[in-house]
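# Fold and contact review
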Amino acid sequence: MDVDTLSSRLAGLPIPQIQYHDVIGSTNDAALDWANKGAPDGCLVAADQQTHGRGRLGRTWVTRPGSALAFSLIIRPTQAELEHISLFSPLGALAAAQALDEMLGLASEIKWPNDILLNRRKAAGILVETSWQGDLPLGLVMGIGINVAEDAVPPADSLMFPAASVETAAGRQVDRWELMRSVLSAVFEWRPRIASDSFRQSWEKRLAFKGEW
């Protein structure tokens, strides 16, 4: 994969510029740095291998080459969106879940607030980070990591929660870049409705463990 090929695969989406890395420490770090340097809304950082990715609460998210997705989308929130800035993490979760279901016929769930479960095992995670200027958020970075192939799943003894891969759940090989396009399409589809009842209801109906002890 390279920038030109990835740009072709994502043609038609509102992504003005793309950075692609064979190996990177963290796509979120690169995207935050790019955002601080003035990258416009919709710019994307993607990598084949991520060595120092982050999850919530300081947890690590390592992306092995050729087996997973690691990408970060730069978002410049509008004035209206600033009132709902906490909903961008659920937006990423809903978009990933919808893409997995529509593309592969899976029944994914959202483990609050932003992990994606397949058969009650974590297959994807979302980390939204903010670039600030004083008290004002200049931009958001929505980082998404997805275990596509089985060898993307870390050893069980290193996990705090059981993990899974998309291909194992789907029972077939999956085109990583087609899946990325589906997730990004869903992000752009839902973003204008992020404060709507339909967004909240679509997110809530996918929540795992509702009503369970």
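The structure under discussion appears in the preceding block.
Predicted model, so just to flag it, every value in this text is computed and none were measured. (Residues numbered from 1 in each chain as written. Predicted model: local features only at pLDDT ≥ 70, side-chain atom pairs only at ≥ 80, totals over all residues. Heavy atoms only, no water.)

Let's shift gears to helix 6 (residues 176–190). Taking 1.5 Å per residue as the helical rise, helix 6 with its 15 residues ought to reach 21 Å, and the 21 Å between its terminal C-alpha atoms agrees with that figure. All of the buried residues along helix 6 are R176, W177, L179, M180, V183, L184, A186, V187, F188 and W190. Capping the start of helix 6 is the job of one residue whose side-chain oxygen sits 2.9 Å from the backbone nitrogen of W177: D175. (Helix = DSSP H or I, 4+ residues; strand = E, 2+ residues; numbered from the N terminus. Expected span 1.5 Å × (residues − 1). Buried < 20%, exposed > 50% of the residue type's maximum accessible area, 1.4 Å probe, protein only. Polar contact = N/O pair within 3.5 Å; in protein donor to acceptor, adjacent residues only side chain to side chain.)

Take the side chain of S165 next. Within the element layout of this structure, S165 appears in the loop between strand 8 (136–147) and helix 5 (166–170). In terms of polar contacts, S165 uses its side chain to reach the side chain of E150, at 3.1 Å. Filtering out sequence-adjacent residues up to four positions away, S165 remains in contact with L118, N147, V148, A149, E150 and V153. (Contact = heavy atoms within 4.5 Å.)

So, about helix 2 (residues 27–36). Judged by how many residues are buried, helix 2 sits mostly within the fold: 7 of 10 residues are covered. Looking at the residues trailing helix 2, positive phi occurs at G38, about 105°.

Turning to the environment of L127, a few remarks are in order. With respect to the secondary-structure elements, L127 resides in strand 7 (residues 121–133). Since its relative accessible area comes to 15%, L127 is described here as buried.

Each pair of packed helices can be described by the angle between their axes along with the distance between the axes. The interhelical angle for the contact between helix 4 (residues 88–104) and helix 7 (residues 197–204), taken along N-to-C directions, is 65°, at an axis separation of 10 Å. Both helix 4 and helix 7 take part in a crossing whose hand is left-handed. From helix 4, P90, L91, A93 and L94 reach across to helix 7, where they touch F199, S202 and W203. For the contact of helix 4 with helix 7, the residue count by class is 6 nonpolar, 1 polar and no charged. (Axes fitted to C-alpha atoms, helices over the stretch in contact; angles between N-to-C directions. Left-handed = near helix turned anticlockwise from the far one by under 90°. Nonpolar A, V, L, I, M, F, W, Y, C, P; charged D, E, K, R; others polar.)

Positive phi, close to 55°, is recorded for N119, a residue that is not glycine. Owing to a relative accessible area of 65%, N119 belongs among the exposed residues under this scheme. Despite not being glycine, R120 shows a phi value in the positive range, around 65°. Tracing the backbone through its elements, the reader meets R120 in the loop between strand 6 (115–118) and strand 7. Judged by its relative accessible area of 31%, R120 falls in the partly exposed class.

This paragraph deals with the nonpolar core. Judged by nonpolar contacts, the single largest core of 50 residues is most densely connected at L179, M180 and L184. With 11 residues, the single largest contributor to this core is helix 4. Leaving out residues up to four positions away in the same chain, M180 has contacts with L6, L10, L44, A46, L69 and F71. Of all hydrophobic cores here, the second largest spans 12 residues; its members include I24, A30, A35 and I74. (Core = buried A, V, L, I, M, F, W, Y, C linked by side-chain atoms within 4.5 Å.)

Here we take up the packing of aromatic side chains. Counting across every chain of the model gives 2 aromatic pairs. With a centroid separation of 6.2 Å and an interplanar angle of 75°, the aromatic rings of Y20 and W177 are classed as edge-to-face. In this pair, Y20 sits in strand 1 (residues 18–24) while W177 sits in helix 6, placing the two residues 157 residues apart along the sequence. Y20 sits in the buried class, given a relative accessible area of 13%. Given a relative accessible area of 9%, W177 falls into the buried group. A centroid spacing of 6.0 Å and a plane angle of 65° characterise the contact between W190 and F199, whose relative ring orientation is edge-to-face. An identical accessibility class is assigned to W190 and F199; each is buried. Looking at R193, its charged tip hangs above the ring of W190, at a distance of 4.0 Å from the centre. (Phe/Tyr/Trp six-rings, centres within 6.5 Å; stacked < 30°, edge-to-face > 60°. Lys NZ or Arg CZ within 6 Å of the ring centre and 35° of its normal.)

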